[in-house]
Amino acid sequence: MNKKIKFFFIILTLIIFSGCSFDNKTGIWKDEQKELQRASDLEKEQKKIKKIRIFSTAIENIKELAVTQNIILSNPKKIYEWKMPGLNLQNSVTNIHLPSIENRFLKKKVGKNKFLISKVSSGPLVFNEGIIITDDTGSIFSIRKNGKKKWKRNIYKKVYKKVYKNLSTFIHKDKIFVADNIGFIYSINLDNGRIEWIKNHGIPFKSNIKVFDEKIFVINQDNRLISFDVKDGSKVWDIRSISSFIKSQYFLGLGISKKGNIVTLGSSGELLFIESASGNVIWSQNVTDAVSSYSKDFFKSSDILIDDENIIFSTSSKVYSFNLYNGYLNWQQEVRSVNTPIVDGKNIFLVSENGFFICLNKKSGEIIYSVNVIKSLKKRKQETFVTGFILGSGNMYITTLNGFLIVSSANSGSVKYIKKIGNIITAPLVIADSSLYVLTENSTIFGFN
């Protein structure tokens, strides 16, 4: 009799739970179903990225131009740590101390990077005790400068296994703050990798993460700038700018001035100047009005560079300088690049995607010199494009998609020498403690000094 009763209760329990699994009204499985649906949607979107190739109608009119005036550079500045994307809140990278890269002191494969997909990669962060690296499976690694792994952390459930992850990281005090292209934002203990808190925003983040005045700032794919509290990830405020039909696969522009005001550039081309404490918009400017001849293009831009009273950025059609405080256009120059320009003294340096190393006058936007550095590669290696650059002790270190490091003089633009790194490079270069760090697409970190 007891056996029959036990069997009855087992069958009854199975029926109840079976019913729950198909009952949307109860809400028991509602969150799980939403997460499954979101993961499925992200997989479909990412599969499309592999197939779509965007052609631009803009015509590259830059030609080689020998140096027209004397280039004066600042003394190389010693940078000991690189704890956030763009080095600082203004994304202002100058002439950094890097005497040589003859010695390779580090070569270590850390992560997996298993997704063959066109994507923007995050660069490494360097601090006193080591290096923080991420891969496209969502793993975060803390390694020592000799390559020895300290800890590894991955927060993602199996439901996101087939979704590539692009993480933006920021070291603030003893924490690492992370935002991703799925919609998660979280805090990790820098020393041991322990999770402090996690928030599921539900909409992919599409900018580098910034932290100021104990608040986190990041832009989502709907061009919404959101402020979170560093203590628990609770939302402080949010602002939505003009949305665009196309969801950009590139990072959107975000910078914070030394006075704490925020500048954003969304995928619709809207430039905003915002008060960080309240979220009030001080002024707005539509950049796409100035590029109406390329209105059919997908808008792409570099990150925001804030230099003194100027906002400088490059797009897939032009380079712009705007006044920080009133939004007036200072000048524009028809140079195509989506890498963040570098300002040193009176000069702006950038490298176009098709390999022209260009120096502009910061005040007028006039081209001082233009040198095609890609043609220094062997002819069969020239079918590539520039993925990043950084200024070190008067030399511009330029990376290409096919794994070359081209070293050119910032005084003249002329190529000094070329170094083959050996793998695809898409992550930004980093200089810290007189060492150059290069992260390749297969998640191998190189260190040179």
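The residue count restarts for each chain, going from 1 along the sequence in the order it is written. Predicted model: local features are reported for residues with pLDDT of at least 70 only, side-chain atom pairs are reported and counted for 80 or more only, and whole-chain, interface and lining totals are derived from all residues. Side-chain metrics rest on all non-hydrogen atoms present in the structure, leaving aside hydrogens and water.

## Here we look at the confidence of the model for the protein
For every residue, the pLDDT score states the predictor's confidence, bounded by 0 at the bottom and 100 at the top. When pLDDT is averaged along the protein, the result is 86; 82% of the residues meet or exceed 70. Every residue in residues 4-30 is under pLDDT 50, and counting partners more than four places away or in other chains gives 6 contacts. Throughout residues 291-297 the model reports pLDDT below 50, and contacts reaching past four residues in sequence, or to other chains, amount to 12 contacts. Residue contacts are counted whenever heavy atoms from the two residues lie within 4.5 Å of one another.

## Some words on the nonpolar core
We define the nonpolar core as a collection of buried residues of types Ala, Val, Leu, Ile, Met, Phe, Trp, Tyr and Cys that are connected through side-chain atoms lying within 4.5 Å of one another. Partly exposed residues are those whose accessible area sits between 20% and 50% of the maximum for their type, while under 20% is buried and over 50% is exposed, using a 1.4 Å probe and protein chains only. By size, the foremost hydrophobic cluster in this structure holds 50 residues, and its most contacted members are Trp82, Ile132, Tyr186, Ile390, Tyr397 and Leu436. Here a helix means four or more residues in a row that DSSP labels H or I, a strand means two or more in a row labelled E, and each is numbered from the N terminus. Ranked by residues supplied to this core, first place goes to strand β31 (residues 435-439) with 4 residues. Once you skip the residues sitting within four places of it in the chain, Ile132 turns out to touch Pro124, Leu125, Phe127, Ile140, Phe141, Ser142, Trp151, Ile171, Ile176 and Leu190. Core analysis: the second largest hydrophobic core is formed by 34 residues, Val319, Phe349, Ile368 and Val371 among them.

## Section: the pattern of salt bridges
We define a salt bridge as a contact between a side-chain nitrogen of Lys or Arg and a carboxyl oxygen of Asp or Glu at a distance within 4 Å. If you walk through the whole model with that rule in mind, you get 11 salt bridges. The partner of Asp174 in a salt bridge is Lys175, and the shortest N-O contact between them spans 3.0 Å. Looking at Asp174, the relative accessible area reads 41%, which means it is partly exposed.

## Observations concerning the sheet that holds strand β7 (residues 175-180)
DSSP bridges decide pairing: two strands pair if at least two such bridges lie between them. The 4 strands lie next to each other as β6-β7-β8-β9, forming an open sheet whose pairing is antiparallel. Two strands lie at the open edges of the sheet, namely β6 (167-172) and β9 (195-200), each paired on one side alone. Strand-to-strand twist across the sheet, computed as the mean angle between neighbouring axes with direction ignored, equals 15 degrees. Taken together, the 5 bridges between strand β8 (residues 184-189) and β9 define a ladder with antiparallel strand orientation. Pairing of Phe184 across the sheet is with Asn200, part of β9. Between N-to-C directions, angles span 0 to 180 degrees; the directions come from axes that are lines fitted to C-alpha atoms, helices contributing only their stretch in contact.

## Things to note about the sheet that holds strand β18 (residues 305-307)
An order of β18-β19-β20-β21 is seen for the 4 strands of this open sheet, with the pairing classed as antiparallel. A strand with exactly one partner marks an edge of an open sheet, and here the two such strands are β18 and β21 (329-333). Sheet twist, expressed as the average angle between the axes of neighbouring strands with direction ignored, equals 20 degrees. In terms of strand pairing, strand β20 (residues 319-323) meets β21 through 4 bridges, oriented antiparallel.

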